Amino acid sequence: MQVPLLDLKAQYQTIRAEILKVTDEVFESQYFILGPRVERLEKEIAAYCSSKHAVGVSSGTDALLVALMAAEIGPGDAVITTPYTFFATAGSITRTGARPVFVDIDPDTYNISCEHLESLLSAMTSAESASLKAVIPVHLYGQCATMDPILKVAADNNLVVIEDAAQAIGAEYRGRRAGSMGDFGCFSFFPSKNLGAFGDGGAVTTNTDEFYDKVRTLRVHGSGPKYYHPLIGGNFRLDALQAAVICVKLKYLDDWTDARRENARKYRELFTLARLDDVVWIPAESQDRHVYNQFVISVKTKRDELRRFMNDAGIGTEVYYPLPLHLQECFSELNYKKGDFPAAEHAAGHTLALPVYPEMSDDQQAYVVEKIKAFYS
Ligand SMILES: *Cc1c(COP(=O)(O)O)cnc(C)c1O
């Protein structure tokens, strides 16, 4: 049996006719950049994310970058985030000229640890805390970070909050949607995200009118009116073609999310039946709406051997992420070392993402758990 990590071809077959209709409309219009389709998507994304505004941008990475630029983060500033995330989170901070400051994760959720965040802040000198401008909590794998303590720390220290919700569209924390809690929410429409375009795309959400205007201006080289530049921005525009595709897919997102959540529930049941608890650890079920961009297990031993074994059995898996950001070569100037963030380092060495995509069958899921059991027995 073959079980890919993600099966976008299966998803495409269910929406093919609708996609071909809207893409044909875009081709006939020959209107490709921003425009009415992007505006319509922005309204729908804002409503879906319970935010006042949304701005379509060129990628999740550019969503982060433009949010940081709108918050006027730059050289001399420091921005707190997690070392256990996709590179773009910290890469964007550095690209503004600011410095990322890492805080270890909570091993139970893989998200930034609020205890560590609070102790970092209370140990800072006044010069250090003066340079601190923002915090980027990441809603990793589709589960919101524990936002209340983060929002409190941010309010107490005057920090801008930028939610990296690239993996978490539709996720909730205490009834609030990802991207609606901080000053900015950053989303990605990279094809493997829960709401994937046919190429790159992203969005920034905000409840603040001033930030909304600024992100829109920065998206088009900081211009407004055209050819007059109050700010220096970039080309962070979203294509009409991608907006048309995402609008079609957005109608199905809740069904797909329900299927992902149901697959996660079934995995929990299958792993319990398989009695693998001495070797395989699965995060406890969240009371909040986890959207399972990834279903990630942590294994006690032989993660890489397990991955090869699964691959030989036709099962796609992935390691998100094998090297935490504080140990990346490009960040060596930040002077972090091995041992600084033990929970992130442990996760990097022991976790494995299993297929959890909506179109997966019961038989495929049973096969995945059966193979993991076979490997460890
Ligand atoms: C995918 C992702 C991004 C970047 O999004 P792109 O659209 O690929 O640029 C940023 N942060 C996280 C956590 C992501 O998973």
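Residues numbered from 1 in each chain as written. Predicted model: local features only at pLDDT ≥ 70, side-chain atom pairs only at ≥ 80, totals over all residues. Heavy atoms only, no water.

Draft legend 1. Fine view of the side chain of serine 298. Relative to the assigned elements, serine 298 resides in strand β11 (residues 295–299). You can call serine 298 buried: its relative accessible area is 10%. With sequence-adjacent residues up to four places away left out, serine 298 is seen in contact with Tyr110, Val279, Val280, Trp281, His346, His350 and Thr351. (Helix = DSSP H or I, 4+ residues; strand = E, 2+ residues; numbered from the N terminus. Buried < 20%, exposed > 50% of the residue type's maximum accessible area, 1.4 Å probe, protein only. Contact = heavy atoms within 4.5 Å.)

Draft legend 2. Inspection of helix α11 (residues 303–312) at higher detail. Within α11 the residues assigned to the buried category are Arg303, Leu306 and Met310. Summarising the axial view, the buried residues of α11 lie within an arc of 60°, below the 170-degree limit, and thus occupy one face. Across from the buried face of α11, at angles greater than 90 degrees, the exposed residues are Arg308, Asn311 and Asp312. Elements in contact with the buried residues of α11: β11, α12 (342–350), β12 (351–354) and α13 (362–376). Glycine 314, located one to two residues past α11, shows a positive phi value of around 85°. (Arc of directions from axis to C-beta.)

Draft legend 3. How the structure looks around the domain arrangement of the protein chain. You can read the domains of the protein chain as domain 1 (8–250) and domain 2 (253–376). Each partner contributes residues to the interface: domain 1 has 43 residues there, and domain 2 has 34 residues. Among the residues of domain 1 in contact with domain 2, Phe102, Tyr141 and Asn194 are the three that bury the most area, contributing 22% of the side total. The tally of links from domain 1 across to domain 2 stands at zero salt bridges. Across the domain 1-domain 2 interface, the total number found is 21 residue pairs in polar contact (both at pLDDT 80 or more). Elements with a minimum of two residues in the side of domain 1 that touches domain 2: α1 (8–29), α4 (88–95), β3 (99–102), β6 (172–173) and α9 (240–250). Top element by residues in the side of domain 1 that touches domain 2 is β3. It accounts for four residues. Residues of the side of domain 1 that touches domain 2, tallied by class, amount to 23 nonpolar, twelve polar and eight charged. (Domains from an automatic or database assignment. Buried area = accessible area lost by both parts, 1.4 Å probe. Salt bridge = Lys/Arg side-chain N within 4 Å of Asp/Glu carboxyl O. Polar contact = N/O pair within 3.5 Å; in protein donor to acceptor, adjacent residues only side chain to side chain. Nonpolar A, V, L, I, M, F, W, Y, C, P; charged D, E, K, R; others polar.)

Draft legend 4. Molecular detail of the site of the ligand. For the ligand, the set of nearby residues contains 16 residues, the closest of which are Gly60, Thr61, Gln167, Ser188 and Lys193. Separating an oxygen atom of the ligand from a backbone N or O atom of glycine 60 is a distance of 2.8 Å. With respect to the ligand, the side chain of threonine 61 contributes an N or O atom lying 2.5 Å from an oxygen atom. Considering the ligand on its own, with 380 Å² of exposed area, one finds that the protein chains cover 93% of that surface. When atom positions are compared with the pocket grids, the ligand is found to occupy the second largest pocket. At the level of secondary structure, the elements contributing two or more residues to the shell around the ligand comprise α3 (60–70) and α4. The element best represented in the shell around the ligand is α3, accounting for three residues. In terms of residue class, the shell around the ligand is made up of six nonpolar, eight polar and two charged. (Near = heavy atom within 4 Å. Areas by Shrake-Rupley, 256 points an atom, 1.4 Å probe, with all protein chains shown as cover. 1 Å grid on protein atoms, 1.4 Å probe; cavity = no way out; pocket = protein on both sides within 12 Å on 5 of 7 lines; lining within 4 Å. Sits in = over half its atoms within 2 Å of the grid points.)

Draft legend 5. Seen up close, empty space enclosed by the protein. Throughout the structure, instances matching the rule amount to one cavity of 30 Å³ or more. Lining the largest cavity are 13 residues, with Leu6, Leu8, Gln11, Lys193 and Arg260 sitting closest to its centre. Where the lining of the largest cavity is concerned, the elements lending two or more residues are α1 and α10 (253–274). Residue composition of the lining of the largest cavity, by class: five nonpolar, three polar and five charged. Here the lining of the largest cavity spans two domains, and each of domain 1 (8–250) and domain 2 (253–376) adds at least three residues to it. (Points joined across faces, edges and corners; volume = space filled by probe spheres on them.)

Draft legend 6. Quick look at the sheet that holds strand β2 (residues 78–81). An order of β1-β9-β8-β5-β4-β2-β3 is seen for the seven strands of this open sheet, with the pairing classed as mixed. Both edges of this open sheet fall to β1 (53–57) and β3, since each of them pairs with a single strand only. The sheet shows a mean angle of 25° between the axes of neighbouring strands, direction not considered. Packing against the sheet, helix α2 (residues 36–48) makes contact with β1 and β9 (202–206), and its axis sits at approximately 130° to β1. (Pairing = 2+ DSSP bridges. Axes fitted to C-alpha atoms, helices over the stretch in contact; angles between N-to-C directions.)

Draft legend 7. Quick look at the packing of α1 against α9. With their axes 9 Å apart at the nearest point, α1 and α9 run at an angle of 140° to one another. In terms of orientation, α1 and α9 fall into the oblique class. In terms of crossing hand, the pair formed by α1 and α9 is right-handed. For the pair α1 and α9, the contacting residues are Gln11, Ile15, Glu18, Ile19, Val22, Thr23, Val26 and Phe27 in the first and Ala240, Leu241, Ala244, Val245, Val248 and Lys249 in the second. Looking at the contact of α1 with α9 residue by residue, the class counts come to ten nonpolar, two polar and two charged. (Parallel < 35°, antiparallel > 145°, perpendicular 65-115°, else oblique. Left-handed = near helix turned anticlockwise from the far one by under 90°.)

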